[in-house]
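Residues per chain are reported as follows:
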Amino acid sequence: MACNNSACQSGCYKYNDEDESQCQNQYVASNGKPPPVICVKCKVSEAVAGGSGGGDDGRFCGECFRGSLFGKFRFAVTSEGMISATDKVLVAFSGGAASRVALQFVHDMQYKAQKNFDASRDKLLPVFGVGVAFVDESSFRTDSVDQITDAIEQIKAIVSDLSLPEKALHVVPIEGIYSSNINDGRERLKKLLEAVSDDTGKEDLLLHMRMLALQKAAKENGYSKLVTGSCTSRIACHVISETVKGRGYSLPADIQYVDARWNVPVLLPLRDCLAQDLSALCHRDGLKTVDIVKTPSFGINALVSSFVSLLQEENPSRESTIMRTAGKLSPFDFNKLPEDDEPSSRLATNRRQRKFHLKPDESTLPESFCSLCNSPLNKSDVQSSCGSADGDPSHKIADDCCSCCRFQILPHDLPALEHFYSLLPDPIVSQVDVESTSSHKLLRSQIQDFLLSD
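What counts as what
The residue numbers shown here count from 1 along each chain, following its written sequence. Under the rules for a predicted model, residues below a pLDDT of 70 receive no local features and side-chain atom pairs below 80 are neither given nor counted, while totals for whole chains, interfaces and linings still include all residues. To get the side-chain values, all heavy atoms of the structure are used, and hydrogens and water are removed first. Under the DSSP-based scheme used, a helix requires at least four consecutive residues in state H or I and a strand at least two consecutive residues in state E, with every element numbered from the N terminus. Each residue is assigned to one of three classes by its accessible area relative to the maximum for its type, calculated with a 1.4 Å probe on protein chains only: buried under 20%, partly exposed between the two thresholds, exposed over 50%. Residue contacts are defined here by distance: any two heavy atoms, one from each residue, within 4.5 Å place the two residues in contact. Here, the arc refers to the directions that run from the helix axis to the C-beta atoms. The rule is short: rings of Phe, Tyr and Trp, with Trp giving its six-membered ring, pair when the centres are within 6.5 Å, and they are stacked under 30 degrees, edge-to-face over 60, tilted in between. All axes here are fitted lines through C-alpha atoms, helices being fitted over the stretch that makes contact, and every angle between N-to-C directions spans 0 to 180 degrees. Angle categories are assigned with fixed cut-offs, so that under 35 degrees is roughly parallel, over 145 is roughly antiparallel, 65 to 115 is roughly perpendicular, and the rest are oblique. Ten residue types, Ala, Val, Leu, Ile, Met, Phe, Trp, Tyr, Cys and Pro, are classed as nonpolar, four, Asp, Glu, Lys and Arg, as charged, and the remainder, Gly among them, as polar. What a helix is expected to span follows from its residue count: subtract one and scale by 1.5 Å. DSSP-based pairing: two strands are paired if at least 2 bridges between them are found. Consider the strands pointing away from the viewer: the crossover is right-handed when the path from the first strand over the helix to the second runs clockwise. Here a salt bridge means any side-chain nitrogen of Lys or Arg lying within 4 Å of a carboxyl oxygen belonging to Asp or Glu.

Caption draft 1: Fine view of the overall build of the chain. When helices and strands are counted, the chain shows 17 helices and six strands. Classification of the 454 residues of the chain by burial places 45% in the buried group. For the chain, restricting intrachain contacts to residue pairs at least 6 apart in sequence, the fraction spanning at least 24 positions comes to 70%.

Caption draft 2: Geometry of helix H11 (residues 318-326). Taken residue by residue, H11 has Glu 319, Ser 320, Ile 322, Met 323 and Ala 326 as its buried positions. Taken down its axis, H11 places every buried residue within 160 degrees of arc, on the same side. Elements in contact with the buried residues of H11: helix H7 (232-245) and helix H10 (300-314).

Caption draft 3: Spotlight on the packing of aromatic side chains. Counted under the stated rule, the structure contains six aromatic pairs. On the numbers, 5.5 Å between centres and 75 degrees between planes, the contact of Tyr 249 with Phe 332 is edge-to-face. Linking Tyr 249 in the loop between H7 and helix H8 (251-254) with Phe 332 in the loop between H11 and helix H12 (343-356), this pair joins segments that are 83 residues apart in sequence. Given the relative accessible area of 37%, Tyr 249 is considered partly exposed. Exposure remark for Phe 332: the relative accessible area of 8% places this residue in the buried category. Both rings, one in Phe 332 and one in Phe 334, keep their centres 5.2 Å apart while their planes meet at 5 degrees; by these two values the pair is stacked. Classification of Phe 334 as buried rests on a relative accessible area of 11%. One aromatic cluster is present, built from ring pairs that chain together Tyr 249, Phe 332, Phe 334 and Phe 369.

Caption draft 4: Representation of the packing of helix H2 (residues 62-79) against helix H3 (residues 97-119). Between H2 and H3, the shortest axis-to-axis distance is 11 Å and the interhelical angle comes to 75 degrees. It follows that H2 is roughly perpendicular to H3 by the angle criterion. The segment H2 lies against H3, with Arg 66, Leu 69, Phe 70, Phe 73 and Val 77 engaging Gln 104, Phe 105, Val 106, Asp 108 and Met 109. Looking at side-chain class alone, the contact of H2 with H3 contains seven nonpolar, one polar and two charged residues.

Caption draft 5: Region of the structure containing the environment of Glu 187. Within the secondary structure, Glu 187 sits in helix H5 (residues 182-194). Linking Glu 187 and Ser 139, residues 48 residues apart in sequence, is a C-alpha distance of 8.5 Å.

Caption draft 6: H3, seen in detail. Here H3 is 23 residues long and its end C-alpha atoms lie 33 Å apart, about the 33 Å a rise of 1.5 Å per residue gives. What H3 keeps buried is the set Ala 97, Ala 98, Ser 99, Arg 100, Val 101, Ala 102, Leu 103, Gln 104, Phe 105, Val 106, His 107 and Gln 110.

Caption draft 7: Structural context of the pairing of strand E2 (residues 129-136). Taking burial as the measure, the eight residues of E2 include seven buried ones, the bulk of the element. Bridging between strand E1 (residues 88-92) and E2 involves five bridges; their strand directions are parallel. Each residue of the ladder has a partner; that of Lys 88, found in E2, is Gly 129. A crossover connection joins E1 to the parallel E2 through H3; in handedness this β-α-β unit is right-handed. When E2 meets strand E3 (residues 168-173), the two strands line up parallel, connected through six bridges. Each residue of the ladder has a partner; that of Ala 133, found in E3, is His 170.

Caption draft 8: Structural view of the pattern of salt bridges. Tallying each qualifying case throughout the model produces 17 salt bridges. Asp 108 is the salt-bridge partner of Arg 66, the closest N and O atoms lying 2.7 Å from each other. In this pair, Arg 66 is assigned in helix H2 and Asp 108 in helix H3, connecting sequence segments 42 residues apart. Judged by relative accessible area, which is 22%, Arg 66 ranks as partly exposed.

Here you go:
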């Protein structure tokens, strides 16, 4: 009986793996090169070169490789009911490979929906809208102004090169989160970042500022969903770094497919894709990316990123293992889209209940959030804030923050804290008032059974 090895062209007859290796050695000897690696899916085409072991770029042929990544994206979108026909979706585009693939896949879905709409007779099902947002940080990165300006021009070209339907590009200045004059906002943002001495705290505060800028742009332009390019590799680093910082309680909030604690829900459809696979797809399909040199980082986030990269080199499945392990944590109640009458919404709810063993009628207490990073607060943080709050607004923000933000971001002496509070943008200041009230409501709900009736 023949060995049935697709790489064997010697016509030999072998029966086991040892003999098959001998067969392959004969092939190498006769052809002078190793046998081609065949795609594990179609079993016909040769697998693309360049696989590093942890991703799919060395196991599939070009078509199957793209189909595999798009399949993960489409499964996330459909299983969680992320995008409906009436939505208007804003894609956060940083210029990197992950956000570039997210933009391309969202465009592919929209393009297909448009073709179906054009082919239908009744024209009843509309096509969801798509926009692109880039956060301009040149206001405080004065050494990179020319580079960011060039990057914006490249991004405009990338968006304009996409086929119809047309997509609007929003260049969002990060200082726009201040409702006052744009120049005044630029100066206040610089002083705010200078007031944070800890490198990790400064990075985390800046990350939250980016999200606030994206949320502001999405809300002002009528978008209903915000898509980010967060992938397995980035989430694996986030899991380790947040654990090191002491944010284990809020960790499940950041790693789910859906994060609806924001006014505009945030979607992570590339959660199951590795960064190396996304980069390989950009290279294979000729998807243009934009390189923006990042400022050197010396905090916890950079150390963890280097550590996870080292783990990935030693074992190519490390990032996926970290992601899958953290994914078993029970999500918060806001890690789902608001329920409606759409069948996809009901299916997503049922799937979520089965996966995390949730009861359909299970009631949960309202969450209280950190005023600076918007992460959920645990009971000890809420109780300590309720017990120490006074009438001073600058004291409130210290009381309504998570322990990590208190340690890494907030100044410790009172005059510096008051100055820091005066530099905060309006969205955070208003959040302080909201959380101060919600913290008291949460504490009251917890002790309601022990209160005497009026």
